[in-house]
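Reading the structure
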Amino acid sequence: MKKWSKLSKSHYRGRFAPSPTGDLHLGSLTAAIVSYLQAKVNNGHWLLRIEDIDETRNIAGAHQQIIKTLDRYGLHSDETVIHQTSKYRQLAYQQAYQKLKEKKLTYRCVCTRKQLSGVNTYPNTCRNQIYPTDSMHSIRVKTTHQYFKFKDFFQGHQVQNIAEQSGDFNIIRKDGLFCYQLAVVIDDADQGITEVVRGTDIMDSTSRQMYLIEQLNLAQPNYAHFPVLTDSNGAKLSKQNHSKAITHENPYETTWAVLQLLRQKPPQLKQKTQSALLDWAIKNWQPENLFKQTEINSLC
Ligand code: GLU
């Protein structure tokens with residue numbers, strides 16, 4: 001793995017990090033397009049990362065399908081695609097866990113899902129208990145009542161507090177899989193990501209990620225949480241609520257519709273090709289049209 005720390009700060013590196021739980025739908029295509037435009041407008045690199053950390057949710061063949069769809073839409077990763085389940089990524093997460101453990105920031109938690117049902121903020125029940133290695137346990141990281149402030153590119157000034165939002169949080173699940181919060185922080189750092197572009201639905205993860213970044217002494221990226229697309233009931237378009245996969249037949253029309261939803265007012269180009277439309281979008285990207293909006297009704 002290259003050492004990105006040698007790159008100058010001004011070299012923009014962004015990423016799109018889909019989970020392979022199905023093919024892309026309108027919502028995830030929007031994430032791909034927004035992150036791509038942010039990277040290209042800043043003359044940066046756009047990287048694709050397959051977030052397959054939760055192996056229990058992965059769908060066979062989905063990651064190949066996502067890559068195929070992105071190719072069809074002219075969205076090509078500027079570097080090798082990485083997968084969280086690969087051996088070298090798993091090793092990186094293990095090393096990060098060891099560091100946190102050495103700092104005495106981790107502990108075993110035996111609370112069951114049932115005990116925690118309906119609990120939003122973990123009451124740190126197991127923090128001062130000692131459980132044997134062979135008990136069914138997850139690993140949590142100790143947190144503090146600390147305010148994290150950041151200036152989000154789309155949403156403006158944000159203040160979050162882990163103690164109020166989640167309490168001590170899991171970094172390793174009971175089945176031994178590393179959790180998203182840890183993996184994403186290590187991946188973003190190792191890939192030298194300078195701006196994390198993703199939907200507002202994940203914005204409240206940011207303080208947990210900033211906390212891990214601080215504890216592990218990693219470089220702090222900027223954040224840009226764009227408004228997520230919602231359906232007629234106001235629910236986020238997602239694979240869980242059965243959003244339809246996008247079509248491969250007419251990437252131009254689909255991308256045009258996404259740009260329209262993103263308040264970019266795309267014109268009808270004479271040359272109706274995907275590459276001409278992406279070129280137009282890069283040249284005319286007006287992110288300010290999305291400032292302070294947390295969601296967009298996709299039916300409008
Ligand atoms: N893998 C997450 C998703 O598919 C994205 C996480 C992120 O961008 O930090 O929703």
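A few words now on the packing of aromatic side chains. A complete count under the given rule lists 8 aromatic pairs for this structure. Seen from their ring centres, phenylalanine 153 and phenylalanine 291 are 5.5 Å apart, and the 85° between their planes marks the pair as edge-to-face. Within this pair, whereas phenylalanine 153 is found in the loop between β6 (147-152) and β7 (156-161), its partner phenylalanine 291 is found in the loop between α8 (274-284) and β12 (295-297), the two being separated by 138 residues in sequence. Ring geometry for phenylalanine 154 versus phenylalanine 291: centroids 6.3 Å apart, planes at 75°, classification edge-to-face. In this pair, phenylalanine 154 sits in the loop between β6 and β7 while phenylalanine 291 sits in the loop between α8 and β12, placing the two residues 137 residues apart along the sequence. For phenylalanine 154, a relative accessible area of 1% corresponds to the buried category. The structure contains a cluster of three or more aromatic residues connected by ring pairs, namely Phe16, Tyr36 and Trp46. Positioned over the ring face of tyrosine 88 is arginine 89, at 5.1 Å from the centre of the ring.

Next up on the list: unusual backbone geometry. Most of the time, phi is negative for any residue but glycine, and the peptide bond is trans. Despite not being glycine, asparagine 124 shows a phi value in the positive range, around 55°. Note that asparagine 124 resides in the loop between β4 (106-109) and β5 (138-141). The class of asparagine 124 is partly exposed, set by a relative accessible area of 24%. Even without being glycine, lysine 265 reaches a positive phi, approximately 45°. Position of lysine 265 relative to the elements: it lies in the loop between α7 (251-261) and α8.

The next point concerns the pairing of β5. The alternating pattern of β5 places Ser138 and Arg140 on one face and Ile139 and Val141 on the opposite face, and all of these are buried. Inspection of the sheet shows β4 paired to β5 by 4 bridges, in the antiparallel sense. Its bridge partner being in β5, arginine 108 is matched across the sheet by isoleucine 139. Judged from the 3 bridges that link them, β5 and strand β8 (residues 169-172) form a sheet pairing that is antiparallel. Directly across from isoleucine 139, in β8, lies its bridge partner isoleucine 172.

Reading the values: the criteria
Residues numbered from 1 in each chain as written. Predicted model: local features only at pLDDT ≥ 70, side-chain atom pairs only at ≥ 80, totals over all residues. Heavy atoms only, no water. Phe/Tyr/Trp six-rings, centres within 6.5 Å; stacked < 30°, edge-to-face > 60°. Helix = DSSP H or I, 4+ residues; strand = E, 2+ residues; numbered from the N terminus. Buried < 20%, exposed > 50% of the residue type's maximum accessible area, 1.4 Å probe, protein only. Lys NZ or Arg CZ within 6 Å of the ring centre and 35° of its normal. Pairing = 2+ DSSP bridges.

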